[in-house]
Amino acid sequence: MRHLMSPLDFSVEELDQLFDLANDIEANMEKYSRACHGKKLATCFYEPSTRTRLSFESAMLGLGGSVIGFSEASSSSASKGESVSDTIRVISCFADICAMRHPKEGAPKVAAERSSIPVINAGDGGHQHPTQTLTDLLTIRSLKGRLHHFTIGLCGDLKFGRTVHSLINALARYEGIKFIFISPRELMVPDYVTDMLKERNIPYEEVIRLESIMPQLDLLYMTRVQRERFFNEEDYVRLKDFYILDKAKMKLAGPDMLVLHPLPRVNEISVEVDDDPRAVYFKQVQYGVYVRMALILTLLNIRVDEREGEKICLT
Ligand code: NCD
């Protein structure tokens, strides 16, 4: 049985297969519409989320399966003091696969160790967010045609943003990637990330101003300042509007540079940018559903026959 805790749990080759499957699902939704008939996904969300939880639910429903779960810790037995390990043993009796989000780093891993069903880490504290990374990689691969040889700028809260940490880890495995980290000093990428890049001789730059590096970028990954992970409100207020991507800044970028954002957006991308064809953050949400469909099928070991659309269980 396989779980997904980090994007590195899949090899580059396995990721390619997963993305091929996601693209096939995108092109042939009908073929997959009964693939998970009779299967249940449990979404166990101890931390608020709209898009990740609904994206998982939409993915499972799109595969003909059903969904159970809770969307905040207060509506689960955690509020009575139940441990994650106990909760997952109980959930294992109710569902075939579980997506878990938790404010504590490592909680989904503890759950996976005790679980008899596959567990997907749907975000653990400031640590990792592997399915967002799969979404980001599928978006880039589908729209750019490759996952190698480009310069990517990551901008905003690089300290607390788990999507950033997961994405850097994942992209570091591809050839010819250059990272440019754009953040205020207080929100720079943690040392363990830059140490990993140094060790592997992967080029990166750290800058404060967005304008100066716009012309160099193939991709710009914007992120919001993570208010809930700040220790005091004053610092948040001071830093929250540090970057605002607007039409004027977009003029400095090349015609093919894509703007991604894991969403939710606060002020860091002005709505006037939404109509720019290079702004792909809403397309990215759609890719998130396809990649979660592909992931559920892969972890449940379900293949769909090429010609007949018949479900074949490989377990
Ligand atoms: C991200 C998250 O939860 O880390 N959102 C998401 O899952 N799409 C990004 C964020 O909250 O800023």
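See the structure printed just above.
Note that this is a predicted model, so its numbers are computed, not measured.

What counts and what doesn't
- Residues numbered from 1 in each chain as written.
- Predicted model: local features only at pLDDT ≥ 70, side-chain atom pairs only at ≥ 80, totals over all residues.
- Heavy atoms only, no water.
- Pairing = 2+ DSSP bridges.
- Helix = DSSP H or I, 4+ residues; strand = E, 2+ residues; numbered from the N terminus.
- Axes fitted to C-alpha atoms, helices over the stretch in contact; angles between N-to-C directions.
- Contact = heavy atoms within 4.5 Å.
- Core = buried A, V, L, I, M, F, W, Y, C linked by side-chain atoms within 4.5 Å.
- Buried < 20%, exposed > 50% of the residue type's maximum accessible area, 1.4 Å probe, protein only.
- Domains from an automatic or database assignment.
- Expected span 1.5 Å × (residues − 1).
- Near = heavy atom within 4 Å.
- Polar contact = N/O pair within 3.5 Å; in protein donor to acceptor, adjacent residues only side chain to side chain.
- Areas by Shrake-Rupley, 256 points an atom, 1.4 Å probe, with all protein chains shown as cover.
- Parallel < 35°, antiparallel > 145°, perpendicular 65-115°, else oblique.
- Nonpolar A, V, L, I, M, F, W, Y, C, P; charged D, E, K, R; others polar.
- Phe/Tyr/Trp six-rings, centres within 6.5 Å; stacked < 30°, edge-to-face > 60°.
- Lys NZ or Arg CZ within 6 Å of the ring centre and 35° of its normal.
- Right-handed = clockwise from strand over helix to strand, strands pointing away.

Q: Account for the sheet that holds strand S4 (residues 119-124), with residues named and values stated.
A: Sheet architecture is open: four strands sit in the order S2-S1-S3-S4, paired in parallel fashion. Only two strands of the sheet have a single neighbouring strand rather than two, namely strand S2 (66-70) and S4. Each strand of the sheet is rotated relative to its neighbour by a mean of 15°, with strand direction disregarded. In this structure, strand S3 (residues 97-102) lies alongside S4, joined through four bridges in parallel fashion. Paired with histidine 102 across the strands is aspartate 124, a residue of S4.

Q: Would you mind going over the sheet that holds strand S6 (residues 177-182) in detail, with residue names and values included?
A: On the basis of which strands lie adjacent, the open sheet formed by five strands has the order S7-S6-S5-S8-S9 and parallel pairing. The open sheet has two free edges, formed respectively by strand S7 (204-207) and strand S9 (258-260), since each of these has just one partner strand. Recorded for the sheet is a direction-independent mean angle of 20° between the axes of neighbouring strands. As judged from the six bridges shared by strand S5 (residues 150-155) and S6, these two strands associate in the parallel manner. For leucine 154, the partnering residue across the bridge sits in S6 and is phenylalanine 181. Sitting on the sheet, helix H6 (residues 162-171) touches S5, S6 and strand S8 (219-222), and the angle it makes with S5 is about 165°.

Q: A description of the nonpolar core should follow, citing residues and the corresponding values.
A: Ranked by internal contacts, the top residues of the largest apolar core, which has 62 residues, are Phe19, Leu137, Ile152, Leu154, Ile168, Leu171 and Phe179. Counting only domains with at least three residues in this core, you end up with domain 1 (7-127 + 288-314) and domain 2 (130-284). Setting aside anything within four residues of it in sequence, one finds leucine 154 in contact with Val164, Leu167, Ile168, Phe179, Ile180, Phe181, Ile182 and Tyr221. Counting residues in hydrophobic clusters, the runner-up holds 21 residues, among them Ile180, Leu245, Ala253 and Met257.

Q: So what about helix H10 (residues 281-299)? Which residues, and what values?
A: Taking 1.5 Å of rise per residue, the 19 residues of H10 would be expected to cover 27 Å, and the 26 Å separating its terminal C-alpha atoms lies within 8% of that figure. Burial analysis of H10 places 14 of its 19 residues in the buried class, which makes it a mostly covered element.

Q: Can you lay out the site of the ligand for me, pointing to particular residues and giving the numbers?
A: If you check the shell around the ligand, you find Arg51, Thr52, Arg101, His129, Gln132, Arg162, Thr163, Arg224, Gln226, Pro262, Leu263 and Pro264 and nothing else. One of the side-chain nitrogen or oxygen atoms of threonine 52 is found 2.8 Å away from an oxygen atom of the ligand. Expressed as a share of its isolated accessible area of 310 Å², the protein-covered part of the ligand is 94%. Put simply, the parts of the chain that give the shell around the ligand at least two residues each are helix H2 (51-62) and H6. Per-domain counts for the shell around the ligand show at least three residues from each of domain 1 (7-127 + 288-314) and domain 2 (130-284).

Q: Can you break down the packing of H6 against helix H7 (residues 191-199) residue by residue, with the values?
A: Across the interface, H6 lies against H7 with an axial gap of 11 Å and an inter-helix angle of 10°. Viewed along their axes, H6 and H7 adopt a mutual orientation that is roughly parallel. Facing H6, whose interface residues are His165, Ile168 and Asn169, H7 presents Tyr192, Val193, Met196 and Leu197. Looking at side-chain class alone, the contact of H6 with H7 contains five nonpolar, two polar and no charged residues.

Q: Break down the packing of aromatic side chains for me, with residues and values.
A: Inspection of every chain in the model, using the stated rule, returns six aromatic pairs. Seen in terms of ring centroids, tyrosine 281 and phenylalanine 282 are 5.4 Å apart; in terms of plane orientation they differ by 65°. Their pairing is edge-to-face. For tyrosine 281, a relative accessible area of 2% translates into the label buried. Cation over ring: arginine 2 sits above phenylalanine 10, and NZ or CZ is 4.4 Å from the ring centre. The aromatic ring of phenylalanine 56 is capped on one face by arginine 292, whose charged end is 4.9 Å from the ring centroid.

Q: How would you explain the pairing of S3 if you had to name every residue and give the values?
A: Among the six residues that make up S3, six are buried, leaving the element largely enclosed by the rest of the structure. Alternating residues of S3 divide into Ile97, Ala99 and Arg101 and Cys98, Met100 and His102, and every residue in both groups is buried. Pairing of strand S1 (residues 40-45) with S3, which is carried by five bridges, proceeds in the parallel orientation. Within S3, the position partnered with phenylalanine 45 by the bridge is arginine 101. As a crossover connection, the stretch from S3 through helix H4 (residues 107-114) into S4 is right-handed.

Q: Break down the environment of phenylalanine 94 for me, citing the residues and quoting the values.
A: Within the secondary structure layout, phenylalanine 94 lies in helix H3 (residues 84-94). In this structure, the C-alpha to C-alpha distance between phenylalanine 94 and leucine 299, residues 205 residues apart in sequence, is 17 Å. Leave out the neighbours within four places in its chain, and phenylalanine 94 touches Lys40 and Ile68.

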